[in-house]
Each structure stands twice: as C-alpha cells, then as structure tokens.
Amino acid sequence: MNTRNSAASAASAAQDSTTFRVLARIGYVVLGILHLLIGGIAISIATGGGGEKADQGGAMQQIQQSPAGVFLLWLIVLGLLALAIWQIAEAVVERDPDTKKKWGHRVKFLGTAAAYIAIGATALVYALGGQSQSSESSQSFSAKLLAAPAGVALLVLVGLIVAAIGIAFIVRGFTKAFMKNLSSPGGTARSGIVAFGVAGYIAKGVAVGVAGVLFVIAALTHNPETAGGLDSALRTLAGLPYGPIILWIVGAGLVLYGLFCFARARYARM
C-alpha cells in the first residue's frame, strides 16, 4: 500500500511541476515537427521523389542534417521523455470507478508512453551521431519471431495489434474523441483544430493499419522482408491502383496531424 501511495504521490508531483508540463508540451511540438517531415516525405514519394525513409528515422535524419540539428534532436529526446513520464503518471493516478475502464485507460497510457520512448530512443541515436533503420529493425524483429516456436501465430498477433491501433486512430478521428482532452478555443480556431485532428488521425490510422497488415502478410508468407514499418506501409500505398493519389492524401493528412500536435501543445489539458 505504501509503495502504491508513494508512486501516486510521485506521479502527482510530476504533474504539478510547471517545468515538467512545459517539457511535455514541447514533446507535442516535436511530435508535430516529426509528422510534418514524415508527411512531406510521403508527398515526395507520391510525386515521384522520396529517397528518404518515410518514417521517424527519415525525419530524424533530416533534422540531424539541419543547422542546430543536434540541439533539436536532444530537445526531441527530452520532450518525448517528458511526454512518456506524463503518460505513465496518468496511468498511476487513473481513478475511474469502473475497473475495466480504469485498466483500459492504463493500458492506453502505458502503450502511448512506450511509443514515445521508442521514438525518443531513435532521436537519441541520431543525437549521438548514429542512424537507425526502422524498416530493417522491423524485418529483423519479424525474422526472429518467425524463427521462434509458434512464430507465425505470434507475428500475426503483432500485426493484428498494430492494425487495431490503426483502426483506433481512425475511429478517434471520425468520432472527434481527441477533443475530450483539449481545452480548445471557440469559433474558427476550434473548427480548424477539429478539421486538422479528424484528417490527421484518419491518415495516421490508415498508415499504421497498413503497417499492421504487412506484419500479417509477412507471417502468412513466411517472408519477413514484407514487414518494413511505416515506410513500407506508405510505399505499399503508392503501389496500389491510384496509389500516388492515395499516398498524397495520406501524406497531407500526416502534415495536418503535425499541425494538430502544435495545437495540442497549446491546448492539451495537463
């Protein structure tokens, strides 16, 4: 009981810290920058360019090569770490009287924290002068999983979970559920934030959902090279009938999601 109370007290103290809240809001800003870059790379692929990877690694590489790139990368690391700790604190202090909802919220908070930590770790690699190939990491992960006992079933499960996350983003976009956590202004500003959020969540959901489907295909075909993460998902969209148009729309949606993240940095309830 004492350990639980201590954890809750530490979480509350973190959430009450002005400095910590500022860092967490910076985390939303850097998320916005990353999505702007990824969306821009996706649009470039759709229009016939796109040498860069359309994922966090490609975005980090662009930042690394920019003036003050190392400073920006360290800022990304700090911002995303703060966001991750914030999500963990939210999980600790969650008090929904409905037990199922409470644990559902906790799983969501912890899953989001894990995603922020993963992106922050990629930023750390680039801040230290290295590079990270997320598509190769996905393929290596898939190959190792396929080699394990019941590997096909496990990789299918991973794919279904990733696809479910994508569907959750799409549903969140259509239902505008993301507005529940914002203290948004009224009038035109609110309409713009809602529009950016709807388009952004749906576009991100499509991209993540396709990545999940590719994991399932990799499992069923015993071909780990099929699973390449976000970059492979976006390039797969480009290969579909009317693919460049679809990819351009998704890329534009990711840019709008980035703009929504900027609004979130300002209006998120923290």
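Numbering of residues starts from 1 in every chain and runs along the sequence as written. A pLDDT threshold of at least 70 governs which residues receive local features in this predicted model, and a stricter bar of 80 or more applies before side-chain atom pairs are shown or counted, although totals over entire chains, interfaces and linings include all residues. Side-chain numbers come from the whole structure's heavy atoms, not from hydrogens or water.

*Asks:* Is there a simple way to explain the overall build of the chain in this structure?
*Replies:* The secondary structure listing takes helices from DSSP runs of H or I that are at least 4 residues long and strands from runs of E that are at least 2 residues long, numbered from the N terminus. When helices and strands are counted, the chain shows 10 helices and zero strands. Going from N to C terminus, the chain has its helices and strands arranged as α-α-α-α-α-α-α-α-α-α. Every one of the 270 residues in the chain was classed for burial, and the buried ones make up 42%. Long-range pairs, those at least 24 residues apart, make up 72% of the contacts in the chain with a sequence separation of at least 6. Partly exposed residues are those whose accessible area sits between 20% and 50% of the maximum for their type, while under 20% is buried and over 50% is exposed, using a 1.4 Å probe and protein chains only. In what follows, a contact means two residues having at least one pair of non-hydrogen atoms within 4.5 Å.

*Asks:* Where do I start with a nonpolar patch on the surface in this structure?
*Replies:* Together, Leu240, Tyr242, Ile245, Ile246, Trp248 and Ile249 make up an exposed nonpolar region whose accessible area comes to about 640 Å². Here Tyr242 lies in the loop between helix H9 (229-238) and helix H10 (243-267). Patch members must show over 30% relative accessible area and no salt bridge, and they are joined within 9 Å when carrying like charges or within 5 Å when they are nonpolar side chains of Val, Leu, Ile, Met, Phe, Trp or Tyr. Using a 1.4 Å probe, accessible areas were evaluated by the Shrake-Rupley method; residue-level cover was limited to the displayed protein chains. Note on definitions: salt bridges are taken to be side-chain nitrogens of Lys or Arg within 4 Å of carboxyl oxygens of Asp or Glu.

*Asks:* I'm lost on helix H5 (residues 99-127) in this one. Help?
*Replies:* One turn of the α-helix equals 3.6 residues, which is why residues spaced by three or four share an orientation. Between the first and last residue of a helix there are one fewer steps than residues, each counted as 1.5 Å, and that sum is the expected span. In this model H5 runs 41 Å from its N-terminal to its C-terminal C-alpha over 29 residues, within 8% of the 42 Å that 1.5 Å per residue would give. For H5, every residue scored as buried is listed here: Arg106, Phe109, Ala113, Tyr116, Ile119, Gly120, Thr122, Ala123, Tyr126 and Ala127. Residues of H5 that are buried make contact with helix H2 (18-46), helix H3 (56-64), helix H4 (69-93) and H10. Looking at the residues trailing H5, positive phi occurs at Gly129, about 95°.

*Asks:* In this structure, what is going on with the environment of Ala177? I would like to understand it.
*Replies:* By secondary structure assignment, the location of Ala177 is in the loop between helix H7 (151-175) and helix H8 (187-221). Its relative accessible area of 15% is what places Ala177 among the buried residues. In the structure, Ala177 is positioned 20 residues away from Gly197 in sequence and 9.6 Å away in space, judged by C-alpha atoms.

*Asks:* Which parts of the structure should I look at to understand the nonpolar core?
*Replies:* Nonpolar side chains in soluble globular proteins tend to end up buried together. Side-chain atoms within 4.5 Å are what join buried Ala, Val, Leu, Ile, Met, Phe, Trp, Tyr and Cys residues into a set we call a nonpolar core. Of all hydrophobic cores here, the largest spans 52 residues; its most connected members are Leu31, Met60, Ile76, Leu80 and Leu234. When residues of this core are traced back to their parent elements, those giving at least two are H2, H3, H4, H5, H8, H9 and H10. Broken down by element, the residue count for this core peaks at 11 residues, all from H2. Apart from residues lying up to four places away in sequence, Met60 is in contact with Leu34, Leu73, Ile76, Ile119, Thr122, Ala123 and Tyr126.

*Asks:* Sorry, what's going on with the packing of H2 against H3 here?
*Replies:* Axis angle and axis distance: for two packed helices, these are the angle between their axes and the distance between the axes, and together they describe the pair. Orientation of H2 relative to H3, taken along the N-to-C sense of each, is 105°, at an axis distance of 9 Å. Considering the angle they form, H2 stands roughly perpendicular to H3. Residue-level contacts link Ile33, Leu34, Leu37, Ile38 and Ile41 of H2 to Gln56, Gly58, Ala59, Met60, Gln62 and Ile63 of H3. By residue class, the composition of the contact of H2 with H3 is eight nonpolar, three polar and no charged. Angles here are taken between N-to-C directions and fall from 0 to 180 degrees, while the axes themselves are lines fitted to C-alpha atoms, restricted in helices to the stretch in contact. Put simply, angles under 35 degrees are roughly parallel, angles over 145 are roughly antiparallel, angles from 65 to 115 are roughly perpendicular, and the rest are oblique. Three classes are used: nonpolar for Ala, Val, Leu, Ile, Met, Phe, Trp, Tyr, Cys and Pro, charged for Asp, Glu, Lys and Arg, and polar for all others, with Gly counted as polar.

*Asks:* Just to check I follow, could you spell out the packing of aromatic side chains for this structure?
*Replies:* Aromatic ring pairs are described here by two measures, namely the spacing of the ring centres and the angle between the planes. Two aromatic rings from Phe, Tyr or Trp, using only the six-membered ring of Trp, form a pair when their centres are within 6.5 Å; if the ring planes differ by under 30 degrees the pair is stacked, by over 60 it is edge-to-face, and anything between is tilted. The full count for this structure, using the stated rule, is six aromatic pairs. With a centroid separation of 5.7 Å and 70° between ring planes, the pair formed by Tyr201 and Phe260 is classed as edge-to-face. Placement of Tyr201 in helix H8 and of Phe260 in helix H10 is noted, with a sequence separation of 59 residues between them. With relative accessibility at 4%, the residue Tyr201 sits in the buried group. Residue classification places Phe260 among the buried positions, given a relative accessible area of 1%.

*Asks:* Which parts of the structure should I look at to understand the confidence of the model for the chain?
*Replies:* Close inspection of predicted coordinates is inappropriate for parts of the model with low pLDDT. A residue's pLDDT is simply how confident the predictor is in it, with values from 0 to 100. Here the chain averages 83 in pLDDT, and 89% of its residues register 70 or above. Across the chain, element-level confidence peaks in H10 with a mean pLDDT of 91 and bottoms out in helix H1 (residues 2-16) with 62.

*Asks:* Any chance you could explain the side chain of His35 here in plain terms?
*Replies:* Structurally, His35 is set in helix H2. A relative accessible area of 8% places His35 in the buried class. Among residues more than four places away in sequence, those in contact with His35 are Lys204, Leu254, Val255, Tyr257 and Gly258.

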